[in-house]
Amino acid sequence: MYLMLILCHFDCKSTIFFVHMQVFYYFCGQINIKMNIFEYIEQHTSPENDVLKQITRSTHLEVINPRMLSGHIQGRVLSMLSQMIHPKHILELGTFTGYSALCLAEGLADNGKLITIEHNDEMEDSIRRNLSLSPLGERIQLVIADAKEWLSQSQESFDLVFIDADKKEYCDYLDLILPRLRPGGWILADNTLWDGHIIDPDYDKDKQTVGLRAFNDKVAQDERLEKVILPLRDGLTIIRLMH
């Protein structure tokens, strides 16, 4: 009887261990699939040019949070969307190291220009150096300023706006951008899924998550706007002002 209890105990432990290992292997497999899919996408997407590769390398070497860089896939998406729209005037909120600005500038119309706003003045030298690596840098105007303050004072109008600045301020940015957006104009808003936090109740008190949720709701409820959220990296929302 005692031996049977020992064997039963051993079998229970073995079963639990087996289940845990199966779960572990399952998640490892899922991670591996995702990594393989990402590699597949990269291999079947137009490559970055040498300037963008150089900016990627220097960003990873010099900047504390290089993950903020748009990167290869999103950069090609920004470039392709810009080339489809063929805008004359582009506004970018949040320059970081200049990667996304150069991607967006690839679609500029003849005599077009891109204005990019960066709040962190410590990034200025790096941004100017990176922009100078490309002929497109001559068509990009860097402004070191608070985005809301600049928008409040500017009289510029735009065909395409890329929002990638302070997530808490996205709603305010939208209110300030819409009067300056030409009818039929486009807004691209980055990080709108926020690494999944957007639907995670554990982040209900996180100010950036709350700000992004409010922005997503505001966009969804505005009947003047066509919109779609793409599950690209951290979420990219494409918005068109219909009238």
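Some words on the overall build of the protein
Now for step 1: Across its full length, the protein carries 8 helices and 7 strands.
Now for step 2: The burial tally for the protein puts 44% of its 243 residues in the buried class.
Now for step 3: Pairs at least 24 apart in sequence give 68% of the contacts found in the protein among residues at least 6 apart.
Now for step 4: Accessible surface for the protein amounts to roughly 14200 Å². Of this, 58% is attributable to carbon and sulfur atoms.

Here we look at the environment of Arg139
Now for step 1: Along the polypeptide, Arg139 turns up in the loop between α5 (124–131) and β3 (140–144).
Now for step 2: In this structure Arg139 comes out as partly exposed when scored by relative accessible area, which is 26%.
Now for step 3: Residues Arg139 and Asn111 lie 28 residues apart in sequence; the distance between their C-alpha atoms is 8.3 Å.
Now for step 4: Beyond its immediate sequence surroundings of up to four residues, Arg139 is in contact with Leu108, Ala109, Asp110, Asn111, Gly112, Lys113 and Leu114.
Now for step 5: A polar contact is formed between the side chain of Arg139 and the backbone oxygen of Ala109, at a distance of 2.4 Å.

What about the sheet that holds β3?
Now for step 1: The sheet built from 7 strands is open, its strands ordered β3-β2-β1-β4-β5-β7-β6 with mixed pairing. Of all the strands in the sheet, the pair left with one neighbour each is β3 and β6 (225–230). Within this sheet the neighbouring strands show an average axis-to-axis angle of 15 degrees, counted without direction.
Now for step 2: As judged from the 5 bridges shared by strand β2 (residues 113–118) and β3, these two strands associate in the parallel manner. Note that in β3 the partner of Ile115 across the bridge is Gln141.

Some details on the pairing of strand β7 (residues 236–241)
Now for step 1: Extensive coverage of β7 is indicated by the burial of 5 of its 6 residues.
Now for step 2: Pairing between strand β5 (residues 181–190) and β7: 5 bridges, direction antiparallel. Bridging from a neighbouring strand, Trp186 pairs with Arg240 of β7.
Now for step 3: Here 6 bridges tie β6 to β7, and the two strands are oriented antiparallel to one another. When the bridges of β7 are listed, Ile229 appears paired with Thr237.

Looking at the confidence of the model for the protein
Now for step 1: Per-residue confidence for the protein gives a mean pLDDT of 90; residues scoring 70 or more make up 86%.
Now for step 2: Contacts for the low-pLDDT stretch residues 1–8, under 50 throughout, to residues beyond four places or in other chains number 0 contacts.

Points about the side chain of Glu48
Now for step 1: Its location among the elements puts Glu48 in the loop between α1 (2–43) and α2 (50–62).
Now for step 2: Buried charged residue Glu48 carries no salt bridge. Nearest counter-charge: Lys53, at 5.9 Å.
Now for step 3: A polar contact of 3.4 Å, which involves the side chain of Glu48, links it to the side chain of Thr56.
Now for step 4: Engagement of the side chain of Glu48 in a polar contact is seen with the side chain of Tyr99, the distance being 2.5 Å.

As for the layout of surface pockets
Now for step 1: Volume-wise, the largest pocket comes out at about 1100 Å³.
Now for step 2: Contributing to the lining of the largest pocket are 43 residues, with Arg67, Met68, Leu69, Asp164 and Asn191 lying nearest its centre.
Now for step 3: Counting only elements with at least two residues in the lining of the largest pocket, the list comes to α1, α2, α3 (71–85), β2 and α6 (147–153).
Now for step 4: For the lining of the largest pocket, the element with the highest residue contribution is α1, accounting for 5 residues.
Now for step 5: A breakdown of the residues in the lining of the largest pocket according to their chemical character gives 17 nonpolar, 13 polar and 13 charged.

Rules behind the numbers
- Residues numbered from 1 in each chain as written.
- Predicted model: local features only at pLDDT ≥ 70, side-chain atom pairs only at ≥ 80, totals over all residues.
- Heavy atoms only, no water.
- Helix = DSSP H or I, 4+ residues; strand = E, 2+ residues; numbered from the N terminus.
- Buried < 20%, exposed > 50% of the residue type's maximum accessible area, 1.4 Å probe, protein only.
- Contact = heavy atoms within 4.5 Å.
- Areas by Shrake-Rupley, 256 points an atom, 1.4 Å probe, with all protein chains shown as cover.
- Polar contact = N/O pair within 3.5 Å; in protein donor to acceptor, adjacent residues only side chain to side chain.
- Pairing = 2+ DSSP bridges.
- Axes fitted to C-alpha atoms, helices over the stretch in contact; angles between N-to-C directions.
- pLDDT = per-residue confidence, 0-100.
- Lys, Arg positive; Asp, Glu negative; His and termini not counted.
- Salt bridge = Lys/Arg side-chain N within 4 Å of Asp/Glu carboxyl O.
- 1 Å grid on protein atoms, 1.4 Å probe; cavity = no way out; pocket = protein on both sides within 12 Å on 5 of 7 lines; lining within 4 Å.
- Points joined across faces, edges and corners; volume = space filled by probe spheres on them.
- Nonpolar A, V, L, I, M, F, W, Y, C, P; charged D, E, K, R; others polar.

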